[in-house]
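# Coordinates in review
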Amino acid sequence: MADQLRLTVDGRDVLVPAGATILGAAEAAGVEIPTLCHHPLLKPSGACRMCLVEVEGARGLLTACSTPASGGMIVRTRTDQVVAARRTVLELLVSEHPLDCLTCESTGDCRLQDYAYEYSVTGRDVAGLPNTPAADGRQAKLDDSNPFLVRDLNKCILCGRCVRICHEVMGYGAIDFVSRGATTKVTTAFDVPLEESPCVFCGNCLTICPTGALQAKTGRGLGRSFQYDRVRTICTFCGVGCSLDLHVRDGRIIGASAAEGPANRGLVCVKGHFGHDWIQSPDRLTTPLIRAGDGTFRRATWDEALDLVASRLAEIKAAHGPDAIGGLASAKCTNEENYLFQRMMRAAIGTNNVDHCARL
Amino acid sequence: MTSAHRLTLRDLPAYRTGCEQGYRLQPGQVVILVGLATCGLAAGGADVAAAIREELASRQPEVCAAGRQVEVRSTGCLGLCEQEVLVDVHFAGQPRLTYAHVTPDLARRIVAEHVVGGRPIENRIIGRIEDEDHPYKDQTACAKQVRIVLANCGFIDPERIEHYVARGGYAGLERVLQGLSPAGVIAEVKVSGLRGRGGAGFPTGLKWEFAARAAGDKKYVVCNADEGDPGAFMDRSVLEGDPHAVIEGMLIGAYAIGADEGYIYCRAEYPLAIKRLRVAIEQAEALGLLGRNILGTGFGFELHIKEGAGAFVCGEETALMASIMGLRGTPRPRPPFPANRGLWDKPTNINNVETWANVPRILVRGGAWFAGIGTERSKGTKVFALTGKIRNTGLAEVPMGITLREIVYEIGGGIQNDRQYKAVQIGGPSGGCMPASLLDTPVDYDSLVAAGAMMGSGGMVVVDEGTCMVDLARFFMAFVQSESCGKCPPCRVGTRLMLETLERICAGEGQPGDIDWLVDMGRKIKAFSLCGLGQTAPNPVLTTIQYFRDEYEAHIRDKTCPAGVCPALVSFGVIADKCKGCGRCIKVCPSGAASGKLKEVHSIDAALCIRCGACFEACKFEAIERGQPAAAPAEVAG
Ligand SMILES: Cc1cc2nc3c(=O)[nH]c(=O)nc-3n(C[C@H](O)[C@H](O)[C@H](O)COP(=O)(O)O)c2cc1C
Ligand code: SF4
Ligand code: SF4
Ligand code: SF4
Ligand code: FES
């Protein structure tokens, strides 16, 4: 087919659609290429250099994540030079990374750690030079000045994923790179706290960060990825229906993260991401309450409560007619629930006084 | 002067004839030319020009009586930056005479004695120009120069388009619009063999062909005037001295690839270049040479200036385009190449200032003429900025293939104070050093790369025996480290580690194995970095190690700096039987370490001494001795 390309990756023949990258072709061929800055939601950046591969006839190594595949290409991903590139990148990154994996929130869920393990990079490989976390200027205090995110720039490897998702996908542009050379860092304009920036705390940067540089404040110290289960669910906050993984440890929800779903494609908003503490709140209502004449509340069953509502609505309708009643649906309702609600208002009560709070 | 009205192709020859008449000196006319590029202005050119005007005004009756018509003309840089302020006096029908190092006082004398009195001040004249194409051809510094790019610099007033036109300007565009097809233009540039002057030396005709072939109804051309290498100022001089040459080159390139819009990306530190470009663009637009329906042919080209904030990495083409689009100036991987996806994802052709300035001349005189200059694989000329410990600092335009020796010793006049040549750093922080053993290397793209250096944009920093090569490498590494965009780990982290290692070596804390580590890390950074900055950043270190390894070893093993530069590795003391007690060292010492009574032997307090070497330079009796520090610096294991 004209819009298919045939090439070989490590000796394996693959057919990929035109426009695919070398990385895509390698995936199709079942060859794994390590990546740090690449993410399928984002445009290729070529920043981290982990995915360098050899292409026959090309001058120097090429980044698999950004280079388009072409017909007849011969790609090699396991040569000495390619492995040297990966090791060099890791050695350099680890040379200025804190080696506190023992207590890091992201242990077990960190690409840098995984690759360092795979390539036996201990952090002391660079010519016996001391490990120097926080190269000048980036020496950053933990930024936990907001209720949602903790930023530890000492752990940042400057892959730029957070910056790109904030600009390319979310469209907020709250953070970007500033400065140059060893002092380059990711921060807000004029280095103000996130709360004073256009950040909406969707936390999608956190989801996409391959290291422990960005963490959810809510779950700190409560358990790491290998200690909790991920329970797939749909976010109940609104009708969009984003897929969500709740992090559950010993029967308690300690965090949440965006999951791949048809409605949200791996993204969530601040509510789904961080709004789960109420689920286990002791203040949360677990049965309906009925107000007594003296203003106090008493526990009731659902049947009792719904009977009361139905009889009072019937009374109002009899005394004042159906148009004395109006209904406002909640933004938490799905389309189907909204449909049922307006049917109830129109058919059961007999009024067109029905609206939705999202229009207010 | 011709008033501005929109020209058509048919009007252009007549307009040019008018310009030529205005430019040529008429009997009785005298032109006083003052070099007012940045070099001239820095030397006090504005005061000199003012003095000339004042003096002329006060002598108006005498000038009239002598039957002279005097014009004061400001021009760009002739290339003799070291001798600025330059003032030339040109009587119609006579050679143009050049005065150097002119002060306002000398300027007044020149007006009084030479311009009015007709008596040149012979002992202050440094040269004569009989033929504008070969200025000062009787002088060694100039005999081997060939002026194509700099043809107009120092002759025309860059703010007057009539001067440019009088010297053949816009004739290249005229030829193109008269009937060359875009493919014909590209063919001519290919025949010329022109290669990019911005560093990498990519064949220009081929690059244009890629952009011409790229699919797209909207295309751009860009001029790279970022010129961020320390020690380079060729592009600035061209823009200040002959802005229309660049504009005309871009017009021709735009026509060839099918672009209707262009950008000149010029660093904001070049305010004069930007001002002259603005004036030139306005004048060209007013005449119908730029903008819509150029010369009535229907071809249109709109040109913008974008000021860059002075980041070295913004000279890299993909970072430059990001910067034009208002983004952070960071490189991105290629492919896609700008020819296919450049500005706003449209096909874009980007060339350097000097590359563009060659184009009109190639179109006027033909690709074959250009290909006749230079070597087999490097055609034409190259403008170099000579700086450092060389006698004639300034600009030189030489045919490709000339040897380094000719540039340093003939054009450059050799080393200052007759000291010993040590090396020349070519290509700035991306280039490498060339030791004395390589002085006979021909200067062309391929020979320089073979030697571990590169043409770069054309900066040549000459260093003498008083320069420490480890310190030089450290300087360039500090530069690239702070200019690295920070995007990719090999460059961002690797150069920092190299810099820290060099700093340790200079501080006397080098360890065995450091040199091999530097070479190894340097090679990795070159091979794994994203853009040309990282891919060339280790070159100064690698070449200084290649050619001056013993100096590194002296620092590491013997804890000495043979050139006596690295403060931690030198000490200064007074040689008692040479000291006359003159007090000079006391006067120059910034830290109060030198002391002594007049006419008695002085002394230097090692505890206060900051080892700057000021006394060593200042002492008239060679009574200061430079040696190793008395106590070796803290013992380092290994
Ligand atoms: C770090 C870096 C800095 C550069 N700076 C400049 C510059 O100041 N001027 C320039 O013309 N080219 C510079 N270049 C080269 C450009 O990327 C590009 O190759 C050039 O503008 C192409 O024009 P040419 O083909 O006419 O040489 C630089 C490249 C790198 C990697
Ligand atoms: S939380 Fe969302 S808006 Fe805030 S910086 Fe991260 S991606 Fe941008
Ligand atoms: S914070 Fe995380 S995602 Fe952002 S640049 Fe640093 S490592 Fe990458
Ligand atoms: S090589 Fe240096 S300047 Fe170029 S992209 Fe990498 S970090 Fe930036
Ligand atoms: S994954 Fe390709 S460069 Fe980072």
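Computed from a prediction, not measured in an experiment: that's the story for all the values here. (Residues numbered from 1 in each chain as written. Chains lettered and ligands numbered in written order. Predicted model: local features only at pLDDT ≥ 70, side-chain atom pairs only at ≥ 80, totals over all residues. Heavy atoms only, no water.)

We now examine the overall build of chain A. Of the regular secondary structure elements, chain A holds 8 helices and 16 strands. A compact globule built from 360 residues would reach a C-alpha radius of gyration of about 21 Å, whereas chain A, at 27 Å, exceeds it by more than 25%. Dimensions along the principal axes, computed over C-alpha positions, put chain A at roughly 85 × 55 × 40 Å. The burial tally for chain A puts 45% of its 360 residues in the buried class. Summed over all atoms, the accessible surface of chain A reaches about 18900 Å², with 54% contributed by carbon and sulfur. Each charge sign in chain A was given a centre, from 38 positive and 40 negative side chains, and these centres are 2 Å apart. (Helix = DSSP H or I, 4+ residues; strand = E, 2+ residues; numbered from the N terminus. Rg over C-alpha atoms; globule rule 2.2 N^0.38 Å. Buried < 20%, exposed > 50% of the residue type's maximum accessible area, 1.4 Å probe, protein only. Areas by Shrake-Rupley, 256 points an atom, 1.4 Å probe, with all protein chains shown as cover. Lys, Arg positive; Asp, Glu negative; His and termini not counted. Charge placed at Lys NZ, Arg CZ, Asp CG, Glu CD.)

Turning our attention to the packing of aromatic side chains. This structure, assessed with the given rule, holds 15 aromatic pairs over all chains. Consider the rings of A:Phe148 and A:Phe201, whose centres lie 5.2 Å apart with planes at 45°: the pair is tilted. With A:Phe148 in the loop between α3 (111–118) and β6 (149–151) and A:Phe201 in the loop between β8 (185–188) and α5 (204–208), this pair connects stretches of sequence that are 53 residues apart. Exposure remark for A:Phe148: the relative accessible area of 23% places this residue in the partly exposed category. Residue A:Phe201 is classed as buried on the basis of its relative accessible area of 8%. Between A:Phe148 and A:Phe274, the ring centres sit 5.2 Å apart and the planes meet at 40°, which makes this aromatic pair tilted. Of the two residues, A:Phe148 sits in the loop between α3 and β6 while A:Phe274 sits in helix α6 (residues 270–274), which places them 126 residues apart along the sequence. These aromatic residues form a ring-pair network of at least three members: A:Phe148, A:Phe201 and A:Phe274. Of note, B:Arg626 hangs over the ring of B:Phe616, and the distance from its end group to the ring centre comes to 4.5 Å. (Phe/Tyr/Trp six-rings, centres within 6.5 Å; stacked < 30°, edge-to-face > 60°. Lys NZ or Arg CZ within 6 Å of the ring centre and 35° of its normal.)

A few words on the site of ligand 1. Residues and elements named next belong to chain B. Contacts to ligand 1 come from 18 residues, most closely from Gly198, Lys207, Glu227, Asn352 and Thr355. Glycine 198 places a main-chain nitrogen or oxygen 2.6 Å from an oxygen atom of ligand 1. Within the backbone of glycine 315, an N or O atom sits 3.2 Å from a nitrogen atom of ligand 1. Burial of ligand 1 by the protein chains amounts to 90% of its free accessible area of 610 Å². Mapped onto the shell around ligand 1, the elements with two or more residues apiece are β9 (348–352) and α22 (532–536). (Near = heavy atom within 4 Å. Polar contact = N/O pair within 3.5 Å; in protein donor to acceptor, adjacent residues only side chain to side chain.)

Next up on the list: the domain arrangement of chain A. All names here are of chain A. Parsing chain A into structural domains produces domain 1 (4–78), domain 2 (131–280) and domain 3 (289–356). Each of domain 2 and domain 3 has a C-alpha centre, and the two are 40 Å apart. Residue-level contacts link 4 residues of domain 2 with 4 residues of domain 3. When residues of domain 2 are sorted by the area they lose upon contact with domain 3, Thr236, Phe237 and Gly239 head the list and together hold 76% of the total. Here domain 2 and domain 3 share 1 residue pair in polar contact (both at pLDDT 80 or more) between them. (Domains from an automatic or database assignment. Contact = heavy atoms within 4.5 Å. Buried area = accessible area lost by both parts, 1.4 Å probe.)

Before going further, it helps to examine the interface of chain B and chain A. Interface extent is often summarised as the accessible area lost during association of the parts. Contacts between chain B and chain A engage 29 residues on the former and 36 residues on the latter. Overall, the association of chain B and chain A removes approximately 2500 Å² of surface from exposure, summing both partners, and the carbon and sulfur fraction of that is 61%. Run the count over chain B and chain A and you get 2 salt bridges. For the pair chain B and chain A, the interface holds 10 residue pairs in polar contact (both at pLDDT 80 or more). Listed by contribution, the elements that provide at least two residues to the side of chain B that touches chain A are α19 (469–483), α20 (489–506) and α21 (514–528) of chain B. Class assignment for the residues of the side of chain B that touches chain A results in 14 nonpolar, 8 polar and 7 charged. (Salt bridge = Lys/Arg side-chain N within 4 Å of Asp/Glu carboxyl O. Nonpolar A, V, L, I, M, F, W, Y, C, P; charged D, E, K, R; others polar.)

What follows is about the pairing of strand β1 (residues 29–35) of chain B. Residues and elements named next belong to chain B. A large share of β1 lies buried, amounting to 7 of its 7 residues. The alternating pattern of β1 places Gln29, Val31, Leu33 and Gly35 on one face and Val30, Ile32 and Val34 on the opposite face, and all of these are buried. Two strands pair when backbone bridges link them, and β1 and strand β2 (residues 69–75) are joined in this way by 7 bridges, in the parallel orientation. From the neighbouring strand, valine 30 faces β2, where its bridge partner is valine 70. (Pairing = 2+ DSSP bridges.)

This brings us to the pattern of salt bridges. Residue and element names in this part refer to chain B. For the structure on display, the rule yields 55 salt bridges over all chains. Note that aspartate 105 and arginine 108 form a salt bridge whose closest N and O atoms lie 3.2 Å from each other. You can see aspartate 105 and its partner arginine 108 sitting in helix α5 (residues 104–116), 3 residues apart, about one turn around the helix. The class for aspartate 105 is exposed, based on a relative accessible area of 55%. Its relative accessible area of 28% is what places arginine 108 among the partly exposed residues. What emerges from the salt-bridge pattern is a single network uniting Glu55, Arg59, Glu62, Asp105 and Arg108.

Residue and element names in this part refer to chain B. Among the nonpolar cores identified, the biggest contains 88 residues, and Tyr170, Trp208 and Phe301 are the most heavily contacted of them. The element that contributes the greatest number of residues to this core is helix α12 (residues 243–257), accounting for 10 residues. With 49 residues, the next largest nonpolar core counts Ile350, Leu497, Leu542 and Cys561 among its residues. (Core = buried A, V, L, I, M, F, W, Y, C linked by side-chain atoms within 4.5 Å.)

To continue, consider helix α3 (residues 45–58) of chain B. All names here are of chain B. Look at α3: 20 Å from first C-alpha to last across 14 residues, which is about the 20 Å you get at 1.5 Å a residue. Inspection of α3 places Gly45, Val48, Ala49, Ala51, Ile52, Glu55 and Leu56 among the buried residues, and these make up the whole buried set. One face of α3 carries all of its buried residues, which in axial projection span an arc of 160°. Looking at α3, the residues exposed on the side facing more than 90 degrees away from the buried face are Asp47, Glu54, Ala57 and Ser58. Contact partners of the buried residues in α3: β1, α2 (38–42), α4 (60–65), β2, β3 (87–91) and α5. (Expected span 1.5 Å × (residues − 1). Arc of directions from axis to C-beta.)

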